[in-house]
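Breakdown of the fold
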Amino acid sequence: MFDFYNFKYYTYSIIMIDGKRLTILTEGAKYDVSCSSSGSRRKNKFGEIGNASFAGICHSFTQDGRCISLLKMLMSNDCVYDCKYCVNRASNGVERATATPDEICELVMSFYKRNYIEGLFLSSAIVKNPNHTMEMLYLTALKLRKDYHFNGYIHLKGIPNADKSLIEAAGLVADRMSFNIELPSETSLKLLAPQKSKPAIIEPMKALALDKYYESPFKRRRDFLPAGQTTQMIIGASPESDAHILKLTEHLYSTYKLKRVYYSSYMPTNFDTSLLPYAPAPKIREHRLYQADWLLRFYGFTAGEITGSDGNLSFEYDPKCAWAIKNMGLFPVEVNTAPLDMLLRVPGIGVKTASRIIVARKHAKLDFDALKRLRVVLKRAMHFITCGGKFIGSKNEYDVGRLLAAGETYAVKQLSMFDNSDAAISALNGEL
Ligand code: SF4
């Protein structure tokens, strides 16, 4: 096999990228949401610059809600593909720009040294062909590691249809890679991104999940994508239901050991085709999918039980509340005796709170005051629990629904750092 890691590469003349190209390349990257926290821990080494922190690179969000936590840019937006939904498609008359590996390296280092960024998320349109593109992405990461001794976080976009050995070599220099699913079904892919195919996206995902890259079933090798792989799906560009999307998500987590699946609400950029909706997908749908995703990963729910009879998630309630209201017959449960899997299904009791309850009730019988101290959100939980046999909620499905929906204001307002509402607390700690 060709030794990509040690091959001799050509050094371009080193100049800083100009502001115009940088604007084009960073603007073009904002639609990709498949990056957030690093999930990778690496200490600074003597003679090298930077480190990667497990706690995640701090996030910030642009006005339109996109994550700009890393230096997030495209290597090029000069695409030879023509995906209908994409602003960078070959047939779109936008300004084109491409950066060389050295320009990107210089930029990363100068930003890192100024403390502007903590890592790099590098994606690209397909320049010339998939192999050329993957090679340039890989070369950039390799140069950062070898020439610039950059020890910080690198997330590389994987290019479907690129040579397997190139993808494997990229895994040795990047912390994380993501092959984007983009559209949740093969039919939609054929219709809207005809140069892409399901096998071309799935095969590299499968390759990156091989046992040889793991030290143990759940722990990756430190030298090969220590932060694992992620993917992104565009929501609302095609007609797939939430049930379909969540089934696919469940499959991706269990089969390809993905760290995260990201959902990106469709934003119209192409008004020349009747194949795409004219309106953007509602942000609340993306939000509900993230909540449902959380339930799949940490709360023991399966995709089949979260969605409604129409196959979609409710906009009105979060998916855990919607499930609880639909299954009122299973409640109330006694907090002093209920098993962990049932406590996790109570709205207002999150993963941490459920564990605290399990520990605390070994020592004393819990009452409602104790639950408050354990950070149970009683406003929600009271309709689904008894405490020492006492019930203080409502058993009327309609009333419970109305009361729970009343707290759901975060769909339309910006959360404040100092907001003490259920929604703000849930957004900060991820507990549902
Ligand atoms: S491959 Fe498709 S989605 Fe990616 S940049 Fe090119 S046109 Fe856009």
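Structural data are supplied above this passage.
Residues numbered from 1 in each chain as written. Predicted model: local features only at pLDDT ≥ 70, side-chain atom pairs only at ≥ 80, totals over all residues. Heavy atoms only, no water.

Turning our eyes to something else, we now look at the site of the ligand. The environment of the ligand is formed by Cys79, Tyr81, Cys83, Cys86, Arg89, Ala125, Ile126 and Lys196. Taken atom by atom, the bulk of the ligand overlaps the largest cavity. (Near = heavy atom within 4 Å. 1 Å grid on protein atoms, 1.4 Å probe; cavity = no way out; pocket = protein on both sides within 12 Å on 5 of 7 lines; lining within 4 Å. Sits in = over half its atoms within 2 Å of the grid points.)

Following the criterion strictly, the structure yields 17 salt bridges and no others. Here Arg21 and Glu103 are joined by a salt bridge, their closest N and O atoms 2.8 Å apart. In this pair, Arg21 is assigned in helix α1 (residues 19-29) and Glu103 in helix α2 (residues 101-113), connecting sequence segments 82 residues apart. Note on accessibility: Arg21 and Glu103 belong to one class, buried. Several salt bridges share partner residues, and in doing so they unite Asp18, Arg21 and Glu103 into one network. (Salt bridge = Lys/Arg side-chain N within 4 Å of Asp/Glu carboxyl O. Helix = DSSP H or I, 4+ residues; strand = E, 2+ residues; numbered from the N terminus. Buried < 20%, exposed > 50% of the residue type's maximum accessible area, 1.4 Å probe, protein only.)

Tracing the backbone through its elements, the reader meets Cys321 in helix α10 (residues 319-326). On a C-alpha basis, the gap between Cys321 and Val346 in space is 8.0 Å, while along the polypeptide they are 25 residues apart. Contacts of Cys321, omitting those with residues within four sequence positions, involve Pro347, Arg380 and Leu404. (Contact = heavy atoms within 4.5 Å.)

Here Thr337 is to be found in the loop between β9 (333-334) and α11 (340-343). Here Thr337 falls in the exposed class, since its relative accessible area comes to 60%. In sequence terms Thr337 and Ile358 are 21 residues apart; their C-alpha atoms lie 8.8 Å from each other.

A cis amide bond links Phe331 to the next residue, Pro332, at an omega of 0°. With a phi close to 75°, Asn161 is a non-glycine residue in the positive phi region. Position of Asn161 among the secondary structure elements: in the loop between β3 (153-157) and α4 (164-173). Of the residues examined, Asn161 reaches a relative accessible area of 47% and is grouped as partly exposed. Notably, Lys257 is not glycine yet its phi reads approximately 50°, a positive angle. Looking at the element boundaries, Lys257 is found in the loop between α7 (242-256) and β8 (260-265).

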